[in-house]
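# Structure assessment
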Amino acid sequence: MIRFNLNSKPVEIDVDPNMPLLWALRDILGMIGTKFGCGMAQCGACTVHLDGQPIRSCVMPLSAIADKEVSTIEGLSASAEHPVQQAWLEHNVPQCGYCQSGQIMSAVALLNEHPDPDDETIDSYMQGNICRCGTYPRIKAAIKTAAKNKQSAFDYSLGKEVGGQA
C-alpha cells in the first residue's frame, strides 16, 4: 500500500511500488491531465510537482513518493484561475495542447522559484519541455505575463495576497 497526498488530498493505492507515478495518476487515480510523451523523462509532458519541485512522473517509481505531496495540473485550480493558466489563455499558447500540462507545471515551478524571471532564466528552466508545435514564443510571453500578474496580486515577502485579501 502506497500513501501520499494528491492535490492536497490523501490517497492510498495498492499497486507495484515500481509502477511509474504517471500510470498510477492516469490509470488508477483518473488524473488524465498529465500526459505520456516519451517515457524517458526527456520531453516534459508528464511533469508534475513532488513536494513543490517539478519531476518527470514517467520515470518516478511510486515507492519514491510515499508520504509526499504530488500536485498535478488538475490541482492548480478547478476552473483555470491560476495566474499561469490565465496567462496561457491570454496568449493563446496551446496549439495541439498535448505538452501544455507539463509546460504549465514547469512554468509554475519556475515562477515559485524565480518570481520575476528574465529571458535567460525562462529558457534555462523550461529547457527539456518540448513543444512539437513550436509555441515557445507564446510560452515565454505567457510566463512573463503570469509573473507580472502574480506579482501584482501576491506579495511573496508577506506570503499572502495584497489589496486587503488574505
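Right above here is the structure, for reference.
Structure report, in brief. (Residues numbered from 1 in each chain as written. Predicted model: local features only at pLDDT ≥ 70, side-chain atom pairs only at ≥ 80, totals over all residues. Heavy atoms only, no water.)

### As for the packing of helix α3 (residues 100-113) against helix α4 (residues 119-126)
Relative to each other, α3 and α4 sit at 130°, their axes nearing to 10 Å. Considering their axes alone, α3 and α4 lie oblique with respect to each other. With respect to the hand of their crossing, α3 and α4 are arranged in right-handed fashion. Contacts from Gln103, Ser106, Ala107, Ala109, Leu110 and Glu113 in α3 reach Thr121, Ile122, Tyr125 and Met126 in α4. (Axes fitted to C-alpha atoms, helices over the stretch in contact; angles between N-to-C directions. Helix = DSSP H or I, 4+ residues; strand = E, 2+ residues; numbered from the N terminus. Parallel < 35°, antiparallel > 145°, perpendicular 65-115°, else oblique. Left-handed = near helix turned anticlockwise from the far one by under 90°. Contact = heavy atoms within 4.5 Å.)

### Quick look at the state of the cysteines
What makes a disulfide is a covalent bond joining the sulfur atoms belonging to two cysteines. Inspection of every chain in the model, using the stated rule, returns 0 disulfides. Of the cysteine sulfurs around Cys46, a residue in no disulfide, the closest is that of Cys58, at 3.6 Å. Cysteine Cys99 shares no disulfide, and the gap to the nearest cysteine sulfur, in Cys131, comes to 3.9 Å. The class of Cys99 is buried, set by a relative accessible area of 8%. (Disulfide = S-S within 2.5 Å. Buried < 20%, exposed > 50% of the residue type's maximum accessible area, 1.4 Å probe, protein only.)

### Topic: the packing of aromatic side chains
Applying the stated criterion across every chain, the model contains 1 aromatic pair. An angle of 35° between the planes, with centres 5.3 Å apart, marks the rings of Trp23 and Phe36 as tilted. Of the two residues, Trp23 sits in helix α1 (residues 21-28) while Phe36 sits in the loop between α1 and β3 (47-50), which places them 13 residues apart along the sequence. With relative accessibility at 33%, the residue Phe36 sits in the partly exposed group. (Phe/Tyr/Trp six-rings, centres within 6.5 Å; stacked < 30°, edge-to-face > 60°.)

### So, the layout of surface pockets
What the largest pocket holds in volume is close to 160 Å³. Taken together, the residues that form the lining of the largest pocket break down as 8 nonpolar, 1 polar and 1 charged. (1 Å grid on protein atoms, 1.4 Å probe; cavity = no way out; pocket = protein on both sides within 12 Å on 5 of 7 lines; lining within 4 Å. Points joined across faces, edges and corners; volume = space filled by probe spheres on them. Nonpolar A, V, L, I, M, F, W, Y, C, P; charged D, E, K, R; others polar.)

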